[in-house]
Amino acid sequence: MNRFDVIIVGAGITGLASAYHLKKMNEKLKIAILDKKPAYCQGNTAKSAAAFRNLFSSDVNRKITQSTIEFYRHVQNDLKIDLGMHFNGYLFLGDRKFIDNPTFKGFVEEGIASYVSEQTLISAGFRTKLSEEEISVMNLSNIEGGLLGLNCGILAPEKICEFYGNELGKMGVEFYFGTEVKAPSLQPVTPLNYPGEPFVWQKTVLSTIETNRGEFSASDFIFCTDVWTSDILDSTGIDGHTRGKKRQVFQISGPEVETVMGTGLIEGQNVMTLTILPSHEIVLRPDPESHSIWVTIADDYNRNFSTTEDPQPERDFYEKSLFPILTAYFPQLKNSKVSSMWAGYYAYNTIDKTHYVFRDKNIIVATGSSGSGIMKADAIGRVVASLQGGIDKTVLFGDLVIDTSDLGIHKRKVKEEEMVI
Ligand SMILES: Cc1cc2nc3c(=O)[nH]c(=O)nc-3n(C[C@H](O)[C@H](O)[C@H](O)COP(=O)(O)OP(=O)(O)OC[C@H]3O[C@@H](n4cnc5c(N)ncnc54)[C@H](O)[C@@H]3O)c2cc1C
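Computed from a predicted structure; not experimentally measured. (Residues numbered from 1 in each chain as written. Predicted model: local features only at pLDDT ≥ 70, side-chain atom pairs only at ≥ 80, totals over all residues. Heavy atoms only, no water.)

(A) Fine view of the overall build of the protein chain. Broken down by element type, the protein chain carries 11 helices and 21 strands. What you see for the protein chain is a C-alpha radius of gyration of 22 Å, in line with the 22 Å of a compact globule of 421 residues. Across its three principal axes, the protein chain shows a C-alpha extent of roughly 75 × 40 × 35 Å. Looking at the protein chain as a whole, 57% of its 421 residues are labelled buried. In the protein chain, of all internal contacts separated by at least 6 residues, the share reaching a separation of at least 24 is 75%. Side chains of the protein chain give 43 positive and 52 negative charges; the mean places of these two sets differ by 2 Å. (Helix = DSSP H or I, 4+ residues; strand = E, 2+ residues; numbered from the N terminus. Rg over C-alpha atoms; globule rule 2.2 N^0.38 Å. Buried < 20%, exposed > 50% of the residue type's maximum accessible area, 1.4 Å probe, protein only. Contact = heavy atoms within 4.5 Å. Lys, Arg positive; Asp, Glu negative; His and termini not counted. Charge placed at Lys NZ, Arg CZ, Asp CG, Glu CD.)

(B) Just the domain arrangement of the protein chain, in detail. The domain architecture assigned to the protein chain consists of domain 1 (2-51 + 158-242 + 351-407) and domain 2 (90-150 + 244-345). The distance between the C-alpha centroids of domain 1 and domain 2 comes to 34 Å. At the interface, 15 residues of domain 1 touch 17 residues of domain 2. In this assembly, domain 1 packs against domain 2 so that about 1,100 Å² is buried in total across both faces, 48% of it on carbon and sulfur atoms. Per-residue buried area on domain 1 facing domain 2 is highest for Lys47, Ala49 and Val227; these three make up 44% of the total on that side. Counting across the domain 1 and domain 2 interface gives 2 salt bridges. Linking Glu309 and Lys36 is a salt bridge whose minimum nitrogen-to-oxygen distance equals 3.0 Å. Remark: the boundary between domain 1 and domain 2 carries 7 residue pairs in polar contact (both at pLDDT 80 or more). Taken together, the residues of the side of domain 1 that touches domain 2 break down into 6 nonpolar, 3 polar and 6 charged. (Domains from an automatic or database assignment. Buried area = accessible area lost by both parts, 1.4 Å probe. Salt bridge = Lys/Arg side-chain N within 4 Å of Asp/Glu carboxyl O. Polar contact = N/O pair within 3.5 Å; in protein donor to acceptor, adjacent residues only side chain to side chain. Nonpolar A, V, L, I, M, F, W, Y, C, P; charged D, E, K, R; others polar.)

(C) Examining the environment of Asp392 more closely. You can see Asp392 is positioned in the loop between α11 (377-389) and β20 (393-395). Separated by 388 residues in the primary sequence, Asp392 and Phe4 place their C-alpha atoms 24 Å from one another. Excluding anything up to four places from it in sequence, Asp392 contacts Ile402, Asp403 and Thr404.

(D) Molecular detail of helix α7 (residues 157-171). With 15 residues, α7 ought to run about 21 Å at 1.5 Å a step, and its terminal C-alpha atoms sit 21 Å apart, in line with that. The inward-facing, buried residues of α7 abut α1 (13-25), β2 (31-34), α2 (59-77), β8 (174-176) and α11. Following α7 by one or two positions, Gly172 has its phi on the positive side, about 85 degrees. (Expected span 1.5 Å × (residues − 1).)

(E) Fine view of a nonpolar patch on the surface. Together, Leu192, Tyr194, Val200 and Trp201 make up an exposed nonpolar region whose accessible area comes to about 570 Å². Looking at where Trp201 falls in the secondary structure, it is placed in the loop between β9 (187-188) and β10 (204-205). Under the relative-accessibility criterion, Trp201 is labelled exposed at 61%. (Patch = residues over 30% accessible without salt bridge, like charges linked within 9 Å, V, L, I, M, F, W, Y side chains within 5 Å. Areas by Shrake-Rupley, 256 points an atom, 1.4 Å probe, with all protein chains shown as cover.)

(F) Expanded view of the nonpolar core. Counting residues in hydrophobic clusters, the biggest one holds 71 residues, and the most contacted among them are Ile8, Leu55, Tyr72, Tyr90, Phe92 and Tyr164. Shared between two domains, this core holds at least three residues of each, these being domain 1 (2-51 + 158-242 + 351-407) and domain 2 (90-150 + 244-345). With sequence-adjacent residues up to four places away left out, Tyr164 is seen in contact with Ile13, Leu16, Ala17, Tyr20, Phe71, Tyr72 and Asp378. If you look at the next biggest cluster of nonpolar residues, it comprises 33 residues, including Val257, Val260, Ala328 and Phe330. (Core = buried A, V, L, I, M, F, W, Y, C linked by side-chain atoms within 4.5 Å.)

(G) Representation of the site of the ligand in the model. Around the ligand sit 35 residues in total, of which Thr14, Asp35, Asn44, Thr45 and Ser369 are the nearest. At 2.7 Å, a side-chain N or O of Asp35 approaches an oxygen atom of the ligand. Here an oxygen atom of the ligand sits 2.9 Å away from a polar atom, N or O, in the main chain of Ile374. Considering the ligand on its own, with 1,000 Å² of exposed area, one finds that the protein chains cover 97% of that surface. Mapped by element, the contributors of at least two residues to the shell around the ligand are α1, β13 (243-253) and β17 (337-348). The leading source of residues in the shell around the ligand is β17, at 3 residues. Looking at the shell around the ligand residue by residue, the class counts come to 14 nonpolar, 14 polar and 7 charged. Taken domain by domain, the makeup of the shell around the ligand includes at least three residues from each of domain 1 (2-51 + 158-242 + 351-407) and domain 2 (90-150 + 244-345). (Near = heavy atom within 4 Å.)

(H) Structural context of the packing of aromatic side chains. Enumeration over the complete set of coordinates arrives at 26 aromatic pairs. Relative to Phe216, the ring of Tyr176 has its centre 4.9 Å away and its plane inclined at 80 degrees; by these criteria the two rings are edge-to-face. Highlighted residues: Tyr176 in strand β8 and Phe216 in strand β12 (residues 214-223), separated in sequence by 40 residues. Taken together, a centroid distance of 5.3 Å and an interplanar angle of 25 degrees make the contact between Phe199 and Trp201 stacked. Site record: aromatic cluster; members linked through ring pairs are Tyr20, Phe71, Tyr72, Phe163, Tyr164 and Phe397. Over the ring of Phe4 we find Lys30, and its NZ or CZ is 4.3 Å from the ring centre. (Phe/Tyr/Trp six-rings, centres within 6.5 Å; stacked < 30°, edge-to-face > 60°. Lys NZ or Arg CZ within 6 Å of the ring centre and 35° of its normal.)

Encoded structure:
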């Protein structure tokens, strides 16, 4: 029997950050992390477009991204551990109405973003005026300006996971890979050893889980299982509140791509600014190491909710849906080629599109990252640790504070997030 104080199911970035902050808070905790994959960060963390921003419409999302970004910056700059972070900015493009929206104005007033003129964008190589046909057939808008997020950019999730993973090794956290947790049932706190237990009048907790590698017991269980949370927890009657939707990334390369890679708008940065095209929110994410661009989109309609083990990318989707829009704004990409592609899942909180971190009995759940789990992971790990330790206020990196219950179910304090991309 493997017995621990805390068992974390899921060795993605959320599980690792949670274990790290649990140990920082209480070094005596005996912690195990279980994952069905052969190593850490092989789930959606490995499929991410790996970008970060502190531009969110809800206060809590601004705080948890700001603090996580600053923590990663601290690791890279002060601890000298390369996390592949580039502060190359986030550029939202659109027509006048879009750029002048009140949320963007607020970012500029706060000093976390600045406006970019159409003229600057033309000089950077953007085609800002489209043909009438492109506008009417594909529902595109002209580019009349941009909003540039200043404390935003790209990073390497595998390096962040390696940082947490190495620290956890030193702290004595045990990893069990290739360990699939089966849908558990709650067990009686005081077993009577009578067939059919637990009865509805018995107090129940989760004390033991079954896996393909035997049973594991713990005082507390933490499920950082992202899009698979409901698959595991449904049998307990606890709702995971999250649904999965496939999201794809298409890597394009070639000499034409390298010309677009030059469009860096942040002073002192030689990496292309991550760019969000108008109308359909197609994201162009530079990958400086491979001299390529990753193209992705959060397409909502006619994209069903699902959670298979290994979602597949669809080349046809790229060619028919993304390529025509891409080449309307960047005609120079007409001969670019898809050199690689992959797909993962967004774990959507379909109500306010922000994480859920809550406790029910001795089970803590951290899920619902809604497409921004890398850029929030350190803060989420701290909230998990507070919840496990019974601490009401969570102090985030940089001394930002949120109520631990803000991301919970019963005392939730989150406005619906408008900026999910
Ligand atoms: C295409 C795409 C682009 C994205 N872009 C960004 C971005 O730019 N920036 C950003 O911040 N986020 C982005 N995301 C979202 C981000 O990838 C996720 O929010 C984040 O990786 C979630 O981390 P996690 O640790 O919660 O989940 P995961 O990394 O999925 O980890 C969950 C783990 O649980 C394990 N598990 C599940 N069930 C079981 C079981 N029964 N037994 C044992 N183990 C189990 C899985 O194997 C997995 O390793 C993107 C996602 C996708 C798909």
